[in-house]
Amino acid sequence: MYLSQSDYRRLKALARAEGRPTAELVREAVAEYARRRTGKASPRSLGMGRSGRGDLAERAEELLGGMGAEA
């Protein structure tokens, strides 16, 4: 596989920044491209219930406290 010099420089910079080998980034990119091309679209409902909060997993017990208890 041949890349343009500018693409190769960007790839090397990304790999260095992420502390990963360039080959790993290429494999990941090819796999993502292949997934997109196979026609397996994600359901349109995916992400519709996003709360926008980043702490839900950490606060799950607190937020679900009392759920299912008799009122």
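Numbering of residues begins from 1 in every chain and follows the order in which that chain's sequence is written. Residue-level local features of this predicted model are given only where pLDDT is at least 70; pairs of side-chain atoms are given and counted only at 80 or more, and the full residue set underlies all totals for whole chains, interfaces and linings. Hydrogens and water are ignored here; the side-chain numbers use all heavy atoms of the structure.

Salt bridges are counted wherever a side-chain nitrogen of Lys or Arg sits within 4 Å of a carboxyl oxygen of Asp or Glu. Under the definition given, this model contains eight salt bridges. Arg35 is paired through a salt bridge with Glu32; the nearest N and O atoms lie 3.1 Å apart. Within this pair, Arg35 and its partner Glu32 are both found in helix 2 (residues 22-37), separated by three residues, close to a single helical turn. Buried means the residue's accessible area, taken with a 1.4 Å probe over protein chains only, is under 20% of the maximum for its type, while exposed means over 50%, and partly exposed covers the values in between. The class for Arg35 is partly exposed, based on a relative accessible area of 48%. Where Arg59 meets Asp55, a salt bridge forms, and the shortest distance between an N and an O atom there is 3.6 Å. Runs of H or I in DSSP of at least four residues are treated as helices and runs of E of at least two as strands, each being numbered from the N terminus.

Predicted confidence across the protein gives a mean pLDDT of 84, with 93% of residues reaching 70 or more. pLDDT expresses how confident the predictor is about each individual residue, on a scale running from 0 to 100. Within the protein, helix 3 (residues 60-64) has the poorest average pLDDT of any element, 83, and helix 1 (residues 5-18) the best, 95.

Let's shift gears to the environment of Leu3. Along the chain, Leu3 falls in the segment before helix 1. Given the relative accessible area of 41%, Leu3 is considered partly exposed. For this analysis, residues touch if any pair of their heavy atoms sits within 4.5 Å. Leave out the neighbours within four places in its chain, and Leu3 touches Tyr8 and Leu11.

Attention now moves to the packing of helix 1 against helix 2. Helix-helix packing: each pair is described by the crossing angle between the helix axes and the interaxial distance. Lines are fitted to the C-alpha atoms to define the axes, a helix being fitted only along its stretch in contact, and any angle between axes, read from their N-to-C directions, falls within 0 to 180 degrees. Between helix 1 and helix 2, the least distance of the axes is 9 Å, while the angle of their chain directions is 105°. Judged on the interaxial angle alone, helix 2 and helix 1 are roughly perpendicular. Of the residues in helix 2, those touching helix 1 at Leu11, Lys12, Leu14, Ala15 and Glu18 are Thr22, Leu25 and Val26. Partitioned by chemical class, the residues of the contact of helix 1 with helix 2 number five nonpolar, one polar and two charged. In what follows, roughly perpendicular refers to angles from 65 to 115 degrees, roughly parallel to angles under 35, roughly antiparallel to angles over 145, and oblique to any angle outside these ranges. Each residue gets one label: Ala, Val, Leu, Ile, Met, Phe, Trp, Tyr, Cys and Pro are nonpolar, Asp, Glu, Lys and Arg are charged, and the others, such as Gly, are polar.

Examined against the element boundaries, Gly66 turns out to sit in the segment after helix 3. Note on Gly66: relative accessible area 57%, which makes it exposed. Expressed as a C-alpha distance, the spacing of Gly66 and Glu32, which sit 34 residues apart in the sequence, is 42 Å.

Turning next to helix 2. In a helix, the anticipated span is given by 1.5 Å times the number of residues less one. Taking 1.5 Å of rise per residue, the 16 residues of helix 2 would be expected to cover 22 Å, and the 23 Å separating its terminal C-alpha atoms lies within 8% of that figure. Positive phi appears at Gly39, one or two residues downstream of helix 2, with a value of about 85°.

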